[in-house]
Amino acid sequence: QVQLVESGGGLVQAGGSLRLSCAASGRTFSSYVMGWFRQAPGKEREFVAAISRSGGPTYYADSVKGRFTISRDNAKNTVYLQMNSLKPEDTAVYYCAANDAGFSRVGVRRVKDYDYWGQGTQVTVSS
C-alpha cells in the first residue's frame, strides 16, 4: 500500500506559477512510477506528466509541455509538479498517482494503469 497526499494548490492569476507536491508513505517510493493527472468539472481525468523510478525520463501531455516540470526526490518520498505560465484552461483538481508497472509512453498516460491515488488538490487560474 502507498498513501499519497497532494499539497500546493490554490488560486493564481494567468501567467503565474504554482508548485504542487505529493508526499508518499508506505511501501518503497522509489519502486513506483509517479504521475500527475488533472480533472476539470464535467471532464474526464487526463494525463499531465509522469516520471520514471529513477527520476530521469519523463513524459508530458502536449498541452503542458514546456510549461510544467515533473521531478521527484526519492530521499524525501516526494514528487513535484512545477507549473509555470499558467492558463485558465489549467484549472482543475490535480491528482498524483503511483504505479508499479513499466514506464512507457503509452502506459504512463492511462488512468487505469495506476494503482494508488491521492485525494487531489484544487488549482484555479483566473484570467
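This text gives an overview of the structure that appears in the document. (Residues numbered from 1 in each chain as written. Predicted model: local features only at pLDDT ≥ 70, side-chain atom pairs only at ≥ 80, totals over all residues. Heavy atoms only, no water.)

1. Some remarks on the state of the cysteines
Moving on, step 1. In the structure shown here, the tally under the stated rule is one disulfide.
Moving on, step 2. Between Cys22 and Cys96 runs a disulfide, and the two sulfur atoms are separated by 1.9 Å. What sets the handedness of the Cys22 and Cys96 disulfide is the S-S torsion sign, and at about 45 degrees it is right-handed. Of this pair, Cys22 sits in strand β3 (residues 18-26) while Cys96 is found in strand β9 (residues 92-99), placing the two residues 74 residues apart along the sequence. Neither residue differs from the other here; Cys22 and Cys96 are each classed as buried. (Disulfide = S-S within 2.5 Å. Helix = DSSP H or I, 4+ residues; strand = E, 2+ residues; numbered from the N terminus. Buried < 20%, exposed > 50% of the residue type's maximum accessible area, 1.4 Å probe, protein only.)

2. A look at the sheet that holds strand β8 (residues 78-83)
Moving on, step 1. Spatially, the four strands line up as an open sheet ordered β1-β3-β8-β7, and their pairing is antiparallel. Each having just a single partner strand, β1 (2-7) and β7 (68-73) make up the two edges of the open sheet. For this sheet the average axis-to-axis angle between neighbouring strands, irrespective of direction, equals 15 degrees. (Pairing = 2+ DSSP bridges. Axes fitted to C-alpha atoms, helices over the stretch in contact; angles between N-to-C directions.)

3. Some points on the pattern of salt bridges
Moving on, step 1. The full count for this structure, using the stated rule, is six salt bridges.
Moving on, step 2. For the salt bridge of Glu46 with Arg38, the shortest nitrogen-to-oxygen distance reads 2.6 Å.
Moving on, step 3. What makes Glu46 partly exposed here is its relative accessible area of 37%.
Moving on, step 4. For Arg38, a relative accessible area of 6% translates into the label buried.
Moving on, step 5. Lys112 serves as the salt-bridge partner of Asp113, at 3.4 Å between the closest nitrogen and oxygen.
Moving on, step 6. On the basis of relative accessible area, Lys112 is assigned to the exposed category, the value being 66%.
Moving on, step 7. Among the charged side chains, a network of salt bridges with common partners joins Arg38, Glu46, Arg67 and Asp90. (Salt bridge = Lys/Arg side-chain N within 4 Å of Asp/Glu carboxyl O.)

4. Considering the packing of aromatic side chains
Moving on, step 1. Across all of its chains, the model carries seven aromatic pairs by this definition.
Moving on, step 2. Ring geometry for Phe37 and Tyr114: centres 5.0 Å apart, planes at 80 degrees, overall edge-to-face. With Phe37 in strand β4 (residues 33-39) and Tyr114 in the loop between β9 and β10 (116-117), the pair connects residues that are 77 residues apart, well separated along the chain. You'll find Phe37 and Tyr114 in the same group, each marked buried.
Moving on, step 3. Ring centres of Tyr114 and Trp117 lie 6.0 Å apart, and the angle between their planes is 55 degrees; this geometry places the pair in the tilted category.
Moving on, step 4. Here Tyr114 falls in the buried class, since its relative accessible area comes to 5%.
Moving on, step 5. On the accessibility criterion, Trp117 (25% relative accessible area) is partly exposed. (Phe/Tyr/Trp six-rings, centres within 6.5 Å; stacked < 30°, edge-to-face > 60°.)

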